[in-house]
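# Remarks on the overall topology
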Amino acid sequence: MIEEDPKELVRRGYNALSDRYDEAFGGGAKYEAWLRELDRHVVAAGTVLDLGCGSGMPVARTLANSGRRVIGVDISDVQIEKARALVPAAEFICADAATIHFEPGSFDAVVCLYALIHMPLDEQSLLLTRIAEWLRPNGWFVATTGHDSWTGIDPNWLGGDATMWWSQADAATYRSWLTQAGLTVVGEEFVPEGTSGHTLFWTVKEPHGTPPSAVTM
């Protein structure tokens, strides 16, 4: 049983193993197709929120280099300091994504890759509703979620001495939450990883009566 705040475990884990995480996952190869697809849908001068931005690599940097205004949010102060150094064209905020506030209609897109699953489940569903409010009409939300439901820890995450914590619902639950939040699911795919994997959702906040365009991956 975890007696400590699980989000504090997440913060400390990324603080301790920031460099090791980027070595393992920051190369960007698996993000390239997703970012190319997002580029097709977001206006050239659009504003994008990267929730769980980590060190800004490669998502925030790619989006900022494309001319978008990028705001990144992450709970790890070490990751945020790295992001500010690596992606000076973007703005970064060290905060809990579940409690941060933005005005309605602030963003043309919100991206949340491998971050939602580090939050308690009751906070995840509420955050999805808030994300929908932050989006402008025709705004896109792209997220990786759990594929199968699971909550657990790795006491030696990435082979180090830090503990990491996750909590995720299954894909059907996320699909329901997204729809209830007012987002239309236009793309869904399984992303295999090791013996399991995640689900990638493409959703859009459509104006009344305007059908969204499906992704073409």
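Look a little higher up for the structure.
So, how was this worked out
- Residues numbered from 1 in each chain as written.
- Predicted model: local features only at pLDDT ≥ 70, side-chain atom pairs only at ≥ 80, totals over all residues.
- Heavy atoms only, no water.
- Salt bridge = Lys/Arg side-chain N within 4 Å of Asp/Glu carboxyl O.
- Buried < 20%, exposed > 50% of the residue type's maximum accessible area, 1.4 Å probe, protein only.
- Helix = DSSP H or I, 4+ residues; strand = E, 2+ residues; numbered from the N terminus.
- Core = buried A, V, L, I, M, F, W, Y, C linked by side-chain atoms within 4.5 Å.

Another aspect to go through is the pattern of salt bridges. When charged atoms on two side chains of opposite charge get close, those side chains can pair. Evaluation of the coordinates by the stated rule reveals 14 salt bridges. We note a salt bridge from Arg12 to Glu4, for which the minimum N-O separation is 2.5 Å. Residue Arg12 is classed as partly exposed on the basis of its relative accessible area, which comes to 37%. Between Lys7 and Glu123 there is a salt bridge whose closest N-O contact spans 2.8 Å. One end of the pair, Lys7, is in helix α1 (residues 6-16); the other, Glu123, is in helix α6 (residues 121-134), and 116 residues separate them in sequence. With a relative accessible area of 12%, Lys7 lands in the buried category. Judged by its relative accessible area of 24%, Glu123 falls in the partly exposed class. Each of Glu4, Glu8, Arg11, Arg12 and Asp77 takes part in one network of salt bridges that share partners.

Further remarks concern the nonpolar core. Soluble globular proteins: nonpolar side chains tend toward being buried together. Core analysis: the largest hydrophobic core is formed by 40 residues, its most contacted members being Leu49, Leu51, Ile131, Trp134 and Phe141. Secondary-structure elements contributing two or more residues to this core are α1, β1 (47-51), β2 (69-74), β4 (107-112), α6, β5 (135-146), β7 (164-168) and α7 (171-180). The next biggest cluster of nonpolar side chains, apart from the first, holds 29 residues, and it includes Leu38, Ala64, Val70 and Val204.

It is worth stressing that arrangement in space is one thing and function is another; only the former is reported here.
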